[in-house]
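Below are the chains, spelled out letter by letter.
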Amino acid sequence: MQHLIGRLSPVVHTKKWDLIRLPLRKLGDQYAVYVADGLVRYYDEATLPDTLKTKMAMILAASTHRLENESRMLKMLIYTNPMSRDFDDIGWRVSETYFCLVVDRDTLASLKGEQHGANA
């Protein structure tokens, strides 16, 4: 599908510098998680980390807003919460397939396969 998004990567949260906005695209039962510039991790229902599964379930249960049309969607929309401010620390759904999950730096490091934090 042609769209205007381009390359995706994690972005620091606008209000909480210790949190990261993490783009995710769900296509069928596959999840593409954009963990770094040019680095995408692919998961299925069985391998998606529990932290991300929990956030996805919360987002899907609460999504009642109008979803963006992907053929006209700009990259910045992915990083902007269209849902309630209650989801600023959880994440949000942008379109039929695009989501943005909010994770801490340790979770992002783990998704990239790095050690991070006090035990690194």
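Visitor: Any chance you could break down helix α3 (residues 105–112) for me, citing the residues and the numbers?
Guide: Every buried residue of α3 is listed here: Thr107, Leu108, Ala109 and Leu111. Between the side-chain oxygen at the start of α3 and the backbone nitrogen of Asp106 there is a gap of 3.2 Å, and the oxygen is on Asp104. Within two residues after α3, Gly113 carries a phi angle of roughly 90 degrees, on the positive side.

Visitor: Lay out the pairing of strand β3 (residues 30–36) with the relevant residues and their values.
Guide: Each regular strand displays side chains that alternate between the two surfaces of the sheet. For β3, the buried fraction is high: six of the seven residues fall into the buried class. Two strands pair when backbone bridges link them, and strand β2 (residues 19–27) and β3 are joined in this way by four bridges, in the antiparallel orientation. Note that in β3 the partner of Lys26 across the bridge is Tyr31. Here β2 hands over to β3 after two residues, with Gly28 in that stretch at a positive phi of 65 degrees. Note that β3 and strand β4 (residues 39–44) share six bridges and pair antiparallel. Within β4, the residue paired with Ala36 across the bridge is Leu39. Hairpin geometry of β3 and β4 is characterised by an intervening segment of two residues between the two adjacent antiparallel strands and by a positive phi of about 85 degrees at Gly38.

Criteria and thresholds
- Residues numbered from 1 in each chain as written.
- Predicted model: local features only at pLDDT ≥ 70, side-chain atom pairs only at ≥ 80, totals over all residues.
- Heavy atoms only, no water.
- Buried < 20%, exposed > 50% of the residue type's maximum accessible area, 1.4 Å probe, protein only.
- Helix = DSSP H or I, 4+ residues; strand = E, 2+ residues; numbered from the N terminus.
- Polar contact = N/O pair within 3.5 Å; in protein donor to acceptor, adjacent residues only side chain to side chain.
- Pairing = 2+ DSSP bridges.

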